[in-house]
Amino acid sequence: GAGGSMHIFDKATNMQGGWALVAEQLPYAAGAARSILLDRERDPETYANDDRIAVVFVGEGGAQNGRMAETLNVAAKEGLPLLFIVIDNGRAINTFTGDVAKNQDVYMQGQHYGVPGLKVDGQDMVSVLQGGRAVVDHVRKNGPAILQVHTFRFNGHSPADPEHERGRKEEKKWARDAADPISIFENYMKESNQATAEELAAVKATAAKLCKDAVKFAADSAEPHAGLAKELEFPDKPDTDYNARAGPKDAAEVNKRTLDPAALATCEARIAELRAKGEEGVITIGDAINLAILEEMVRDPTTTMHAEDLQAGSSYDIPKLTQQTFGALRAADEIIDEGHFIGKGIGEGLNGYRPIIELMNANFGIYGMAEISSAGNTYATTGGEFDMPMTIIGAGGTAPAQSLGAEHSQPFHAYIMGIPGLKVCTAASPAAAYGLAKSMIRDNGPGMLFLPVKMMKDTRSTIALDQCLPLNKAAVLHEASDASVKAGKAVTVLTYLHGVKESQNAVQEIMEDGMDVDLIELRSLKPLDKDTIRASLARTHKLAILDESTYSGGVGATISAVISEEMFDLLDAPVKRLCMDDAPVPYALSMEKAVVKRASDLVQGVADLCFKKW
């Protein structure tokens, strides 16, 4: 990979990475184990004698993390072929584990879930081999197990560790004399007459040469070229046409073999019903997403679905009928922990599946920020070896008079814009939601599609059936008249989510006051469609941003910086940012009005630009 010694990947040997955030790898391993079961279900002939298992390593300190309990739960509940190997060296970085953990016998953690565990002496290779074979055999036949390897740490956690201050000189001398696992094994082999000293010396020489050759290979290898970092940003280029991407050739055959005919017929009836609504222009945003998901899951048997309250359709029917049609393995009802099931999606994405993650509220994604960050980094960190075709969809944002309070009104879209490798899109209509969702599901990299929480059930439109929309383009929803442009009374307005509805409500009043706007919906926050913005500014020379994020670190702040750096010569006035205040969004409407901008603020902002009031 391209992530250094902490992030080693090797697709050829199914080595799926070292991950930097302690315990984040646990749900990834659950996703990998689920992929094994999905393979067997999808293609029973090819995997008839499949005995693969997933193996995940964690320290006894990291095993105190809540991710351990969550992963033990799902491993037991779904009978996953997953082996937890706990490397127990008595230290959590430089803290003695006993100082922070009530119980260091991690192998017993699985008792609550019916997951057996075994503890072995990590300095005794024979003990580790015997114990390892026992737990591997159990995992292959029965499901998850824990192997705790009690060992000694000869070196620090990292080069920065203050090991020299811990007075470990005598301790290390003892360990090298009495606890070196190689020496212990050599003595065992000689005492049991299984190998001579000469034979062991030859083995050590061979191993030493392998290490020396590997170091030489690394030292002699050319440095990667500087442009590789940008090349590894996305697996699929931003301008990819997803309409041209064919589905799996065996989809119909797999569906016939794996899906219940009656359940599939019910799903197809639901699809037909929603398609009719889409043609009539009465489909909602939630139903448009549900239609896209059902169509894509029928089209591609490698798609999977994860959501809370999934069987009931969640809050907006987004995952409706997925489990009833495709089964609990492809469509999983999840515990209330977004990081956990986003992590499972990452594990599936590493192993050839296309997970779709629905967040009941997009802001709950805060609980999965670590996993979203790792998803964005995966393609680059692995040197392009592993795609990460994961789609996260959630209704969120902040509408005027939303009355959901601060926790449910955070601009999570702004929080994740800085994550490399992640495409971030928004949709304020059923047409946009449908087309963007289909594209994002087909994309080979991770993306998040934000939907306006207060428009999910009320906003309706026609949709272009079977059509994917680009993931890098804005949409011009209203164009200022040539007369207003000539008179200098036209303004480019950039907005998204609830700001689209607010702006559309403001257009008539703006026009009645002798002004006009180019109204542009930012369907792609990242990558940003600079060409569409530039073309509009070349006409209007004035810019207002109705922004559903905060003054500090918000979407509008990023866009304003881009405009100032790259399109300054097109401006005749300062950029007008109509953004949320930095204060938490209040529940009381009287307070909220001062924080969240709306149609009336846009009318005033356009007037200020046209009449030079800045």
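Remember, it's a predicted structure, so these values are computed and weren't measured experimentally.

### Considering the overall build of the protein
Tallying secondary structure elements over the protein gives 22 helices and 22 strands in all. What you see for the protein is a C-alpha radius of gyration of 28 Å, in line with the 25 Å of a compact globule of 614 residues. On the principal axes, the C-alpha backbone points of the protein span a range of 100 × 60 × 50 Å. Within the span of the protein, comprising 614 residues, buried residues form 52% of the whole. As presented, the protein carries roughly 27300 Å² of accessible surface, and 54% of it is formed by carbon and sulfur atoms.

### As for the pairing of strand β14 (residues 423–426)
Burial along β14 is two-sided: Lys423 and Cys425 facing one way and Val424 and Thr426 facing the other are all buried. In the sheet, β14 pairs with strand β15 (residues 447–452) via four bridges, with the strands oriented parallel. Within β15, the position partnered with Thr426 by the bridge is Phe450. Taken together, β14, helix α16 (residues 430–442) and β15 constitute a β-α-β crossover, and its handedness is right-handed.

### Concerning the sheet that holds strand β11 (residues 331–333)
Strand order across the open sheet formed by seven strands is β11-β10-β12-β13-β15-β14-β20, with mixed pairing between neighbours. Unpaired on one side and paired on the other, β11 and β20 (524–526) mark the two borders of the sheet. Here the average twist between neighbouring strands, direction ignored, is 20°. Sheet topology places strand β12 (residues 354–359) next to strand β13 (residues 391–396); four bridges connect them, and they run parallel. Each residue of the ladder has a partner; that of Glu358, found in β13, is Ile393.

### Let's talk about helix α19 (residues 530–540)
Three or more residues of α19 are buried, namely Thr532, Ile533, Ser536, Leu537 and Thr540. Burial along α19 is one-sided: seen end-on, the buried residues are contained in an arc of 130°. In this fold, the buried residues of α19 make contact with β17 (475–478), β18 (490–495), β19 (516–521), β21 (543–550) and α20 (555–566). Looking one or two places after α19, you find His541, whose phi comes out positive at around 65°.

### What to know about the sheet that holds β17
The strand order across the open sheet formed by five strands is β17-β19-β18-β21-β22, and the pairing between neighbours is mixed. Each edge of the sheet is formed by a strand with only one pairing partner; in this case those strands are β17 and β22 (576–580). Taken pair by pair, the neighbouring strands of this sheet meet at an average axis angle of 25°, ignoring direction. Lying over the sheet, α19 contacts β17, β18, β19 and β21, oriented at roughly 155° with respect to β18.

### Comments concerning the nonpolar core
Counting 45 residues, the largest nonpolar core has Ile289, Ile293, Leu449 and Leu451 as the members making the most contacts within it. The element best represented in this core is helix α11 (residues 285–299), accounting for eight residues. Not counting the four nearest positions on each side in its chain, Ile289 is found in contact with Ile318, Ile393, Ala433, Ala437, Leu449 and Leu451. With 44 residues, the next largest nonpolar core counts Met448, Tyr496, Ile545 and Val562 among its residues.

### Re a nonpolar patch on the surface
On the surface, Val55, Phe57 and Ile87 cluster together into a nonpolar patch covering about 250 Å² of accessible area. For Phe57, the position within the fold is in strand β3 (residues 54–59).

### Examining the packing of helix α6 (residues 181–191) against helix α7 (residues 197–220)
Between α6 and α7, the least distance of the axes is 10 Å, while the angle of their chain directions is 145°. By crossing handedness, the relation of α6 to α7 is classed as right-handed. Judged by residue contacts, Glu186, Met189 and Lys190 of α6 engage Ala197, Leu200 and Lys204 from α7. Of the residues assigned to the contact of α6 with α7, the class counts are three nonpolar, no polar and three charged.

### What to know about the packing of aromatic side chains
Following the criterion strictly, the structure yields eight aromatic pairs and no others. Aromatic pair Trp19 and Tyr28: ring centres 4.8 Å apart, planes at 75°, arrangement edge-to-face. Judged by its relative accessible area of 16%, Trp19 is buried. Grouping aromatic residues by their ring pairs yields a cluster made of Phe9, Trp19, Tyr28 and Phe386. One cation-aromatic arrangement involves Lys423 over Phe234; the distance from NZ or CZ to the ring centre is 5.0 Å.

### So, helix α10 (residues 261–280)
Here α10 spans 29 Å end to end across 20 residues, near enough to the 28 Å set by a 1.5 Å rise per residue. Those residues of α10 that fall on the buried side of the exposure criterion are Ala263, Leu264, Cys267, Arg270, Ile271, Leu274 and Gly278. What you see down the axis of α10 is that its buried residues fit within an arc of 120°, all on one side. Exposed and oriented more than 90 degrees from the buried face of α10 are Pro261, Glu279 and Glu280. Looking at the buried positions of α10, the neighbouring elements they touch are β9 (283–284), α11, α12 (322–330) and β16 (460–461). Residue Asp260 occupies the N-cap position of α10, its side-chain oxygen lying 3.2 Å from the main-chain nitrogen of Ala262.

Reading the values: rules and limits
- Residues numbered from 1 in each chain as written.
- Predicted model: local features only at pLDDT ≥ 70, side-chain atom pairs only at ≥ 80, totals over all residues.
- Heavy atoms only, no water.
- Helix = DSSP H or I, 4+ residues; strand = E, 2+ residues; numbered from the N terminus.
- Rg over C-alpha atoms; globule rule 2.2 N^0.38 Å.
- Buried < 20%, exposed > 50% of the residue type's maximum accessible area, 1.4 Å probe, protein only.
- Areas by Shrake-Rupley, 256 points an atom, 1.4 Å probe, with all protein chains shown as cover.
- Pairing = 2+ DSSP bridges.
- Right-handed = clockwise from strand over helix to strand, strands pointing away.
- Axes fitted to C-alpha atoms, helices over the stretch in contact; angles between N-to-C directions.
- Arc of directions from axis to C-beta.
- Contact = heavy atoms within 4.5 Å.
- Core = buried A, V, L, I, M, F, W, Y, C linked by side-chain atoms within 4.5 Å.
- Patch = residues over 30% accessible without salt bridge, like charges linked within 9 Å, V, L, I, M, F, W, Y side chains within 5 Å.
- Salt bridge = Lys/Arg side-chain N within 4 Å of Asp/Glu carboxyl O.
- Left-handed = near helix turned anticlockwise from the far one by under 90°.
- Nonpolar A, V, L, I, M, F, W, Y, C, P; charged D, E, K, R; others polar.
- Phe/Tyr/Trp six-rings, centres within 6.5 Å; stacked < 30°, edge-to-face > 60°.
- Lys NZ or Arg CZ within 6 Å of the ring centre and 35° of its normal.
- Expected span 1.5 Å × (residues − 1).
- Polar contact = N/O pair within 3.5 Å; in protein donor to acceptor, adjacent residues only side chain to side chain.

From the geometry alone we can't say anything about function, so treat these as descriptive.
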